[in-house]
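# Fold and contact review
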Amino acid sequence: PASAPNPAPNALPATDPDQGWIQIYEDSPEDGEPVGENVYLGIINRASAYVYMTTPYLVPSGEMVSALSLAAKSGVDLRIMTPGIPDKWFVHAVSRANYLPLLEAGVRIFEYSPGFMHAKTFVSDDKAAVVGTINLDFRSLYLHFECGARIYGGPVVPALREDFLSTQELCREIKAQDLKAEPIFRRAQGWVLRFFSPMM
């Protein structure tokens, strides 16, 4: 009798579905599709309980601001963690200039106090997460070659939530009144620099 065919040499072994699964993806400025942004928007738009995000640069598109604001207004616990100590002062100024409309929509923003934080992660509803290279800024979302790992289910997702919450203990929460109390020249600096967002 004919023997059973050998499995393909690059076939992956069967895994326990309770461990979840990971989809690796890449984003290229040459294909005309903002894959990285679409992945982020998909997580935000599908969230029902929470979305926790870390990003070193918060220079979101108008579409991203609308999605974040709508999710927060609909009752999703939406939190963003950014660096308290920047690597580029001008990008940090633009990031802070983007805080107020998000805060007024109900988004909570935390600045990591011990230093610069370079993580780019999303985690939502203990079901979905992303870990990758894609910042929330124009260059990363539209001009750079980037990659990410989209995680579905399994123990990694709640572990990422717990990591966010433990790191949050080292952060300073930014309130709308804090920004409104800053000197006008500092706020104006951020507003002016926002015009140069596509170059950041």
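Residues numbered from 1 in each chain as written. Predicted model: local features only at pLDDT ≥ 70, side-chain atom pairs only at ≥ 80, totals over all residues. Heavy atoms only, no water.

## Digging into the overall build of the protein chain
A tally of regular secondary structure across the protein chain gives eight helices and eight strands. Counting over 200 residues, the protein chain shows a buried share of 46%. Within the protein chain, contacts between residues separated by at least 24 positions form 79% of all contacts whose residues are at least 6 apart in sequence. Surface accessibility of the protein chain: about 10800 Å² in total, with carbon and sulfur atoms responsible for 59%. (Helix = DSSP H or I, 4+ residues; strand = E, 2+ residues; numbered from the N terminus. Buried < 20%, exposed > 50% of the residue type's maximum accessible area, 1.4 Å probe, protein only. Contact = heavy atoms within 4.5 Å. Areas by Shrake-Rupley, 256 points an atom, 1.4 Å probe, with all protein chains shown as cover.)

## Focus on the sheet that holds strand E8 (residues 171-174)
If you trace the eight strands from one edge of the open sheet to the other, you get E1-E7-E6-E5-E2-E3-E4-E8, paired in mixed fashion. The sheet is open, and its two borders are formed by strand E1 (21-27) and E8, each paired with just one other strand. Strand-to-strand twist of the sheet, defined as the mean angle between neighbouring strand axes without regard to direction, takes the value 20°. Where E1 meets strand E7 (residues 146-152), seven bridges bridge the pair, whose relative direction is antiparallel. Looking across to E7, one finds that Ile22 is bridged to Ile151. (Pairing = 2+ DSSP bridges. Axes fitted to C-alpha atoms, helices over the stretch in contact; angles between N-to-C directions.)

## Re the environment of Phe116
Inspection of the secondary structure assignment puts Phe116 in the loop between strand E4 (108-112) and strand E5 (121-124). With 60 residues separating them in the primary sequence, Phe116 and Pro56 have C-alpha atoms 7.7 Å apart.

## Things to note about the side chain of Ser124
Take Ser124: it is sitting in strand E5. At 2.9 Å, the side chain of Ser124 forms a polar contact with the backbone oxygen of Tyr50. Contact partners of Ser124, with chain neighbours within four places excluded, come to Ile43, Ala47, Tyr50, Val51 and Val157. (Polar contact = N/O pair within 3.5 Å; in protein donor to acceptor, adjacent residues only side chain to side chain.)

## With respect to the side chain of Thr82
Counting through the fold element by element, Thr82 comes out in strand E3 (residues 77-83). Judged by relative accessible area, which is 2%, Thr82 ranks as buried. At a separation of 2.7 Å, a polar atom in the side chain of Thr82 contacts the side chain of Tyr99. What Thr82 contacts, discounting residues up to four positions off in sequence, is Thr55, Leu58, Tyr99, Phe110, Glu111, Tyr112 and Met117.

## Some words on unusual backbone geometry
Positive phi, close to 55°, is recorded for Asp125, a residue that is not glycine. Mapped onto the elements, Asp125 comes out in the loop between E5 and strand E6 (128-132). Owing to a relative accessible area of 14%, Asp125 belongs among the buried residues under this scheme. Unlike most non-glycine residues, Asp126 shows phi in positive territory, near 60°. Judged by relative accessible area, Asp126 falls into the partly exposed class, the value being 33%.

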